[in-house]
Structure formats: structure tokens, C-alpha cells
Amino acid sequence: MILYNSPTKIEYQDNYFDFYLTDQRLMWYKRGGFFSKSDTVIAERIDTILEIKYEERGFLTKKGAIHLVTSRKTLDITSSIETIKAIYQQLQTFLIEPPSQVKTCQFCSKNMDVEARFCSHCGNELSE
Ligand SMILES: [Zn+2]
């Protein structure tokens, strides 16, 4: 079920994609071109997203960027400021979780599951 589709393309790793947000994942999609016939789909489950950051980059032609941290990797998508802002707002409506589900490691500031006893990033014991 698609909930949101960006009005303009987004840029990811030097390619342009259509961006979609479904009730379970965010994905970007690129139809195969002349040289590579296969389509490219990048999908991330919303529940693996730990952190999302909005940034503006560039001097003359400002661009918006979303920096995403999931449990497996980090992703950067860029586009016009309007498009990125719209995507960011859509994502935020999803990412409002009860704060008790995450705690922050006091040594490296990474977010950990509230059940975790040790930080999976730096290995230190987490305080309650
Ligand atoms: Zn840590």
C-alpha cells in the first residue's frame, strides 16, 4: 500500500529514483535504462530506522538531504529542498514511537534497544 510518492525524483548514489513510502517500508525505484535493462529497487523497512536527520547542503543551489541510519547501514538521499522536506515530514509521522523503545548509549551516543544491556556499537554496559 503506497502512502506517499515524491513529486520529483530523489538522488541516491548518483542515480535518480522515484521515492515511495508504504505502510511498512520506504523504497526508491529506478526503471532500467538503455544500458541496464533491470530495474533498481532499494527498500528499507521502516521499523529498522533508528535515526533520521534533515540537512540542507550546498551554497548556490541549495539541496535538501535526508540522512537515515538503520540497524544495518546508513543512507543518504538528496533532492530539492521542497521534496526532501515533504519526505521528511511524511517519515516523521511514522517515526513517532514511544520514547521507551530506545535508549542512548552514554559512551558513544548511539541509540540502542531499551532491552539491550550492552551497547552493540561500543560494547559498554548501558545504564538503566
Ligand atoms: Zn556505545
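Note that the structure is predicted; figures quoted are calculated from it, not measured. (Residues numbered from 1 in each chain as written. Predicted model: local features only at pLDDT ≥ 70, side-chain atom pairs only at ≥ 80, totals over all residues.)

1. Re the overall build of the protein chain
Turning to step 1, where the next piece is worked out: Looking only at helices and strands, the protein chain features one helix and ten strands.
Turning to step 2, where the next piece is worked out: Along its sequence from the N terminus, the protein chain presents helices and strands in the succession β-β-β-β-β-β-β-β-α-β-β.
Turning to step 3, where the next piece is worked out: Projected onto its principal axes, the C-alpha coordinates of the protein chain cover approximately 55 × 35 × 25 Å.
Turning to step 4, where the next piece is worked out: Out of the 128 residues belonging to the protein chain, those deemed buried represent 12%.
Turning to step 5, where the next piece is worked out: Contacts spanning at least 24 positions in sequence make up 20% of the contacts within the protein chain whose residues lie at least 6 apart. (Helix = DSSP H or I, 4+ residues; strand = E, 2+ residues; numbered from the N terminus. Buried ≥ 20, exposed ≤ 12 C-beta atoms within 10 Å, placed from the backbone. Contact = placed C-beta atoms within 7 Å.)

2. Quick word on the domain arrangement of the protein chain
Turning to step 1, where the next piece is worked out: Domain boundaries in the protein chain define domain 1 (2–95) and domain 2 (102–128).
Turning to step 2, where the next piece is worked out: Computed from C-alpha atoms alone, the centre-to-centre distance between domain 1 and domain 2 is 28 Å. (Domains from an automatic or database assignment.)

3. What about the pairing of strand 3 (residues 15–22)?
The side chains of a regular strand alternate, first on one face of the sheet and then on the other.
Turning to step 1, where the next piece is worked out: With three bridges connecting them, strand 1 (residues 2–5) and strand 3 associate as antiparallel partners. For Asn 5, the partnering residue across the bridge sits in strand 3 and is Tyr 20.
Turning to step 2, where the next piece is worked out: Sheet analysis places strand 2 (residues 10–12) next to strand 3, joined by three bridges and oriented antiparallel. Among the inter-strand pairings, Ile 10 is bridged to a residue of strand 3, identified as Phe 17. (Pairing = 2+ DSSP bridges.)

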